[in-house]
Amino acid sequence: MTAVAGDYNPTEHVLQRLQDGGYRTQRAPGGWTAQCPAHDDRNPSMSLGTGKDGRALIHCHAGCSIVDILNALELPTGAIFTDWDPYKTNSGTITSLRAWRQAKAKAPKQPSPYRREKTDHWDYHDAQGVHVARVVRYQLVDPDTGEIVGKTFTQHAWDAEHDRQQPNLGGIDVPLYRLPQVRDGITAGHLVMVCEGERDADTATAAGYIGNTAAMGAGSWRPHHTEQLAGAALVVVMADDDDPGRAHAATVAASLTSAGIKATIRLPAQGCKDLTAHIDAGHALGDLRAWEPELDDTTNPDLGPEPDAAAEPDDERTSWWPRDIAATINGEHTEPPPEHLRRGDGHALSYVGRVNGIIGESESGKTWIALLAVRQALQHGQRVLYLDFEDSAAGVIGRLILMGCSARSMATLTYVAPDESLHDAARGDLFEIIETSAPDLVVVDGFNAAMTLLGLEVNSNSDATAFSQQLLKPLASTGAAVLYVDHVPKSKEARGKGGIGAQAKRAMTTGCAILAEVIEQPGKGRIGKLRLTVDKDRPGLVREVASEGNHAGIVVIDGTDPGKVTVTIEAPDLRPADERGAFRPTGRMQDVSMLLEQLPDGASKAQIEANVPGRRDITRAAVDALVSEGYATIGPGARNAIVVKSVAPYRQDGVTEWKP
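Residues numbered from 1 in each chain as written. Predicted model: local features only at pLDDT ≥ 70, side-chain atom pairs only at ≥ 80, totals over all residues. Heavy atoms only, no water.

The helix and strand tally for the protein chain stands at 18 helices and 26 strands. Here the protein chain holds 660 residues, and 48% of them are scored as buried. For the protein chain, the proportion of contacts with a sequence separation of at least 24, taken over those separated by at least 6, is 61%. When the accessible area of the protein chain is evaluated, it comes to approximately 32,100 Å², of which 51% is carbon and sulfur surface. (Helix = DSSP H or I, 4+ residues; strand = E, 2+ residues; numbered from the N terminus. Buried < 20%, exposed > 50% of the residue type's maximum accessible area, 1.4 Å probe, protein only. Contact = heavy atoms within 4.5 Å. Areas by Shrake-Rupley, 256 points an atom, 1.4 Å probe, with all protein chains shown as cover.)

Next up, the structure:
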């Protein structure tokens, strides 16, 4: 389609420039559609046709001017007319230009119907870390209604000398997004994930991969991008779940394979358009789907276990399609009951296939409770994976030996003490451990320490969600009961629901979270007691065996016998109040509890009787009931006074949201 002097076709010439520049073009009624070169046009929005006078008709539906489009193609304005000569400078008759401009002037210029508002930008760097380009995202807003009606992108070369962006790319080859990190990751043997856009690349990075993309998304892959991934052991190409996304992924994978780079393609879960939607919907990386049925998924163990193929709908329906609930209606599929961390009465407090928690203050005996669950599982021949982020093998195994575990019973215990982030090689080790050991119980000892080790911020909700996606949810998806150990603030006034940090930590608890509060401090040569309160119970089966829906039991840690520690959980009295025999003034118990919650140093019995209205004998009975049931403790205070202190809030209706 080379232009010849004297026989110039402006439409064909513009089309050739578009194709030479790598812009996607496609036949359309009356001409062509193409990616507009004047903005980051991921879905072709430019029309190209021929007028009655042979002039090239160019229109960008996103609002770019003809001058901007021609500048991006390095063409003068006269190039759209038939009398322009590509072999001469300043060609094109003045008459044609004037006629065109006058014709344009007759019709008033129509402003873009939408207002652009910048929402984000992403910076691109070369292999040496020099800032070379920027991609800017705008949302399109209807100025009359304020409604967001779409989005658009622009690309700009970066002027490093003056630290500012240029009007356009100026013909530079934009490198891969996050190229310096990509090259470092390849050198370190990490897994690389190519996504369709910058947002998904950031999501992949947060999930533990070396996420990257080519600017302009689908259809933008160039040979220099393939060259920049040279040396990668394996590249996962993450496809958007639409026709352009799959076509783009196939192009990228083919380019990598032809260069000798091993590549595999993944799609998000059914009903999710891309990787970010996949993660936001609560899916794990192991839920990603292989796009080609013949793809050998064993080449990529780092993605975790693939979902059961039989569970995929035969007709490729989305998750919005009705589920088959016949088996559930017939009672064949029911929620599994709690099976781990059993009390003396046989009732358990932790669910299989779910994330459970033990939370409490520092040195409140939380780890002893988790180790009780471990000992019980080992004694029944079950397999346990212990992920220790706070202690040591000597500390954990030493405690289990004190609790009576023999070397033979610990043969099914796998102990891991990570001291590095969950990079790709580490993730491969973890999933290999899970596959080979098939644990029934997984203990994550040190929630906050684990998040910090993975480079995540404890107080960040997004980081807490990332931690769940990277570690907790994949562990629970194996069918094991996952039991984490977490801290609460020392100050009760600063304490809310769940452990220290982001509230998303509590949201990711899909089983039962138990709050452990000290009644009597455990220690060597003494008997400690901890009150267990249900902090969260999504399935609700633990609350059924808790007194008044929240008191789950009393942990007794007996360290009085040298060389031996006995840990048991005493069940609460589950009988109705009128069947318990002893007088139990629940209304007065609530009044006393609310008073004590405002007095962190406690109060004497005389002070309590003086400040709680009503008969003193009933107030004394209320204090005795609170102490016997673990809601309060009695002991020496300042100046050898005997004081009563609050351990846990008591409420007559079992709801303890009240704060002083």
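Time to look at unusual backbone geometry. Not every positive phi belongs to a glycine, and leucine 341 is a case in point at roughly 60 degrees. Note that leucine 341 resides in strand β14 (residues 338-342). Here glutamate 363, not a glycine, exhibits a phi torsion of approximately 60 degrees, which is positive. Relative to the helices and strands, glutamate 363 is located in the loop between β16 (355-360) and α10 (366-379).

The strand order across the open sheet built from 4 strands is β5-β6-β7-β8, with neighbouring strands paired in antiparallel fashion. Because the sheet does not close on itself, it has two edges, and the strands there are β5 (115-125) and β8 (164-165). Pairing geometry for strand β7 (residues 148-159) and β8, over 2 bridges, is antiparallel. Paired with aspartate 159 across the bridge in β8 is arginine 164. (Pairing = 2+ DSSP bridges.)

To continue, consider the packing of α10 against helix α11 (residues 393-402). Two quantities define a packed helix pair, namely the angle between the axes and the distance from one axis to the other. Contact geometry for α10 and α11: axes closest at 10 Å, N-to-C directions at 65 degrees. The two elements α10 and α11 meet at a crossing, and its hand is right-handed. From α10, Thr367, Trp368, Leu371, Val374 and Arg375 reach across to α11, where they touch Val396, Arg399 and Leu400. A per-class count over the contact of α10 with α11 returns 5 nonpolar, 1 polar and 2 charged. (Axes fitted to C-alpha atoms, helices over the stretch in contact; angles between N-to-C directions. Left-handed = near helix turned anticlockwise from the far one by under 90°. Nonpolar A, V, L, I, M, F, W, Y, C, P; charged D, E, K, R; others polar.)

For histidine 121, the position within the fold is in strand β5. Expressed as a C-alpha distance, the spacing of histidine 121 and valine 135, which sit 14 residues apart in the sequence, is 5.5 Å. If we skip the residues at most four places from it in the chain, histidine 121 touches Arg134, Val135 and Val136. Polar side-chain contacts of histidine 121 include one of 3.4 Å to the side chain of arginine 134. (Polar contact = N/O pair within 3.5 Å; in protein donor to acceptor, adjacent residues only side chain to side chain.)

This paragraph deals with the packing of aromatic side chains. The tally for this structure, following the rule as stated, stands at 6 aromatic pairs. Each ring, one from tyrosine 386 and one from tyrosine 415, has its centre 6.2 Å from the other, and the planes form 20 degrees; the classification is stacked. One end of the pair, tyrosine 386, is in strand β17 (residues 384-388); the other, tyrosine 415, is in strand β18 (residues 413-416), with 29 residues separating them in the sequence. A relative accessible area of 1% places tyrosine 386 in the buried class. Ring plane angle 80 degrees and centroid distance 4.9 Å describe the contact between phenylalanine 447 and tyrosine 484, whose orientation is recorded as edge-to-face. In this pair, phenylalanine 447 is assigned in helix α13 (residues 447-453) and tyrosine 484 in strand β20 (residues 481-487), connecting sequence segments 37 residues apart. In terms of burial, phenylalanine 447 and tyrosine 484 fall into one category: buried. The rings of Phe447, Phe467 and Tyr484 are connected pair by pair, giving a single aromatic cluster. Above the face of the tyrosine 631 ring, arginine 531 is positioned so that its terminal group lies 3.5 Å from the ring centre. (Phe/Tyr/Trp six-rings, centres within 6.5 Å; stacked < 30°, edge-to-face > 60°. Lys NZ or Arg CZ within 6 Å of the ring centre and 35° of its normal.)

Here the focus is the nonpolar core. Judged by nonpolar contacts, the single largest core of 41 residues is most densely connected at Leu441 and Leu532. Counting residues per element, this core draws most heavily on α10, at 9 residues. Setting aside residues no more than four positions away along its own chain, leucine 441 makes contact with His340, Ala373, Val374, Ala377, Arg383, Val384, Leu385, Ala480, Ala481 and Leu483. (Core = buried A, V, L, I, M, F, W, Y, C linked by side-chain atoms within 4.5 Å.)

Secondary-structure assignment places tyrosine 177 in the loop between β8 and α4 (179-187). The class for tyrosine 177 is buried, based on a relative accessible area of 8%. Remark: the alpha-carbon pair of tyrosine 177 and arginine 134, spanning 43 residues in sequence, is separated by 9.9 Å. Aside from chain neighbours lying at most four places away, what touches tyrosine 177 is Trp122, Asp123, Tyr124, Val182, Glu198, Ala201, Asp202, Gly211, Asn212 and Thr213.

What follows is about the sheet that holds strand β1 (residues 25-28). Adjacent strands of a sheet form backbone hydrogen bonds with each other and so pair up, either parallel or antiparallel. Spatially, the 4 strands line up as an open sheet ordered β1-β2-β3-β4, and their pairing is antiparallel. In the strand order of this sheet, the two ends are held by β1 and β4 (56-60), each with one partner. Within this sheet the neighbouring strands show an average axis-to-axis angle of 25 degrees, counted without direction. Summarising the sheet, strand β3 (residues 46-50) and β4 pair through 5 bridges and their orientation is antiparallel. The residue of β4 that forms the bridge with glycine 49 is leucine 57. Packed on one face of the sheet, helix α1 (residues 10-20) meets β1, β2 (31-34), β3 and β4 and runs near 150 degrees to β3.

Before going further, it helps to examine the pattern of salt bridges. Inspection of the entire model under this criterion finds 15 salt bridges. Of the charged contacts, one joins lysine 273 and aspartate 240 as a salt bridge, the two residues approaching to 3.2 Å between their closest N and O atoms. Note that lysine 273 is positioned in the loop between β12 (263-267) and α8 (275-280) and aspartate 240 in the loop between β11 (235-238) and α7 (243-258), a separation of 33 residues in sequence. A network of salt bridges, in which partner residues are shared, links Asp241, Asp243, Arg246 and Arg289. (Salt bridge = Lys/Arg side-chain N within 4 Å of Asp/Glu carboxyl O.)

The subject of this paragraph is α4. Of the residues making up α4, those classed as buried are Leu179, Pro180, Val182, Gly185 and Ile186. Note on α4: the residue one or two positions beyond its end, glycine 189, has a positive phi of about 80 degrees.

Note that histidine 225 resides in helix α6 (residues 223-228). Overall, the relative accessible area of 3% leaves histidine 225 in the buried class. Residues in contact with histidine 225, not counting those within four places in the same chain, are Val174, Pro175, Leu176, Ala214 and Ser220.

Take helix α18 (residues 616-628) next. A rise of 1.5 Å per residue sets the reference length of α18, with its 13 residues, at 18 Å; its end C-alpha atoms lie 18 Å apart and thus fit the reference within 8%. Turning to α18, its buried residues are Ile618, Thr619, Ala621, Ala622, Val623, Ala625 and Leu626. Lining the buried residues of α18 we find α16 (586-596), α17 (605-611), β25 (632-636) and β26 (642-646). Looking one or two places after α18, you find glycine 630, whose phi comes out positive at around 85 degrees. (Expected span 1.5 Å × (residues − 1).)

Another aspect to go through is the confidence of the model for the protein chain. Here the protein chain averages 80 in pLDDT, and 83% of its residues register 70 or above. Within the protein chain, helix α3 (residues 94-106) has the poorest average pLDDT of any element, 44, and strand β19 (residues 441-445) the best, 95. Counted against residues more than four places away or in other chains, residues 655-660, with its pLDDT under 50, gives 13 contacts. (pLDDT = per-residue confidence, 0-100.)

Counting buried positions along β20 gives 6 out of 7 residues, so the element sits mostly inside the fold. As judged from the 6 bridges shared by β16 and β20, these two strands associate in the parallel manner. Within β20, the position partnered with isoleucine 359 by the bridge is aspartate 486. In this structure, β19 lies alongside β20, joined through 5 bridges in parallel fashion. Pairing of aspartate 445 across the sheet is with valine 485, part of β20.

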